[in-house]
Every structure is written in structure tokens, then in C-alpha cells.
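Here is what each chain is made of, one letter per residue.
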Amino acid sequence: MLHSTTLALGIPLKVSIHPRSPTKVKRRIDCGNGTHTRHIPVKPLLSIAIPTKNRLSYVTSSIRTATRLADSDIEILIHDNSETNDLYHFVQELDDPRVHYEHFPKPLSMSENYEASLSMCNGRYISVIGDDDGVTRFLPLLARWADKLQLDLIVPTNTAHFVWPDLRSEEH
């Protein structure tokens, strides 16, 4: 059954959280020069998916915001569609068991890359962020709140406004 609610934290949230059914999974990690398999027996509450392509300088900051979350009940999934696997070395240096990386060098469309990152997710709730975005410390709390109320979906009602320093409009 689908429930809908509004949460007013007083901060703009840029999240989409969707429920998944529980499973035991076998995780394939492809670093471009070998494949590693991990067995994940416990289903995390929250999956944070980060699809990226050729944006190493941005995605490292996004990954850092997720790894700063002091929560063991999350997984951070990076689907890298870059031409090189330079990001792999950054992920290895993190040495964080919550972080899972997959490199797929054959060109994908943006939506295919997003779908591939979603297919990696095992959490009850899923948040997909852009590779130049970040997460707040409230995200795991939000997932726990949704789980406690048995919500299937959370949709933010706040409007986010973005500014890029090098983008000019006709008004400016």
C-alpha cells in the first residue's frame, strides 16, 4: 500500500526514497581490471546511489558527504560510466565497507547510468543523488522515520534553487 506524507524539517531536501523488498545479494564489484564478488547477508535500511560519468572532481565530494554519515545501516553505491577507472583508486583509499563501486566503460545514456546505479541497490529505501550533489545528516534519520511509519515513498515538497557561477540568463 502506498502512503504519502509531508515532512517539514525546515531544510530543502533533494531526495527520492523508494522501498525495495528484502533479499540476500551477491555483489559484483568491477574495477575495470578484475571483478570481485562480495556476499552481503544483511539488507541495509538505506541505499545511496551515485551514478557518474567523467566527473571525478565532482563525484569525490558527493561520495565524501555520504561517507561522513555515521551510520552503519546504509550502503553507498557508485556506478561509474567514465572512460577510465580513475575513481576506483579514490574509492579504494576510502576503505569503507559501505561503499560499493562498479565501473562500466561502455557508453550509456544518462538514464541508463541511473538505472544501472538503481540495480545495484539493496536497501529498503533508495536515494539517488547526482554526482555533483550531496546528502545531509538527516537522510538516515528520514529513512528510519519512514520505516517506523511503514511509508513506501517520501516526496519532498520544498523547491530547490540552483545557481551556477558560469551560467548567464537573459535577465542577468
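What counts, and where the lines are drawn
- Residues numbered from 1 in each chain as written.
- Predicted model: local features only at pLDDT ≥ 70, side-chain atom pairs only at ≥ 80, totals over all residues.
- Heavy atoms only, no water.
- Core = buried A, V, L, I, M, F, W, Y, C linked by side-chain atoms within 4.5 Å.
- Buried < 20%, exposed > 50% of the residue type's maximum accessible area, 1.4 Å probe, protein only.
- Helix = DSSP H or I, 4+ residues; strand = E, 2+ residues; numbered from the N terminus.
- Contact = heavy atoms within 4.5 Å.
- Arc of directions from axis to C-beta.
- Phe/Tyr/Trp six-rings, centres within 6.5 Å; stacked < 30°, edge-to-face > 60°.
- Lys NZ or Arg CZ within 6 Å of the ring centre and 35° of its normal.

What follows covers the nonpolar core. Core analysis: the biggest nonpolar cluster contains 26 residues, and I48, I50, I78 and L87 have the highest contact counts within it. Elements that contribute at least two residues to this core include exactly β4 (46-52), α1 (56-67), β5 (74-80), α2 (86-94), β6 (99-103) and α4 (138-148). Among all residues touching I48, those that are not within four sequence positions of it are A66, L69, I74, E75, I76, L77, S127, I129, V135 and L139.

Before going further, it helps to spend a moment on the environment of A49. Structurally, A49 can be placed in strand β4. In this structure, the C-alpha to C-alpha distance between A49 and H79, residues 30 residues apart in sequence, is 7.7 Å. In contact with A49, other than residues within four places in its own chain, are L77, S117, C121, S127, V128 and I129.

Time to look at helix α3 (residues 110-119). Within α3 the residues assigned to the buried category are N113, A116 and S117. Down the axis of α3, the smallest arc covering the buried residues is 100°, so these residues share one side. Across from the buried face of α3, at angles greater than 90 degrees, the exposed residues are S111, E115 and S119. Those residues of α3 that are buried lie in contact with β4 and β5.

The next thing to look at is the packing of aromatic side chains. For the structure on display, the rule yields one aromatic pair. Residues Y88 and Y101 carry aromatic rings whose centres are separated by 5.9 Å and whose planes lie at 45° to one another, so their mutual orientation is tilted. Of this pair, Y88 sits in helix α2 while Y101 sits in strand β6, placing them 13 residues apart in sequence. Taking the relative accessible area as the measure of exposure, Y101 reaches 2% and is therefore buried. It is R55 that lies over the ring of Y58; its NZ or CZ is 4.5 Å from the centre.

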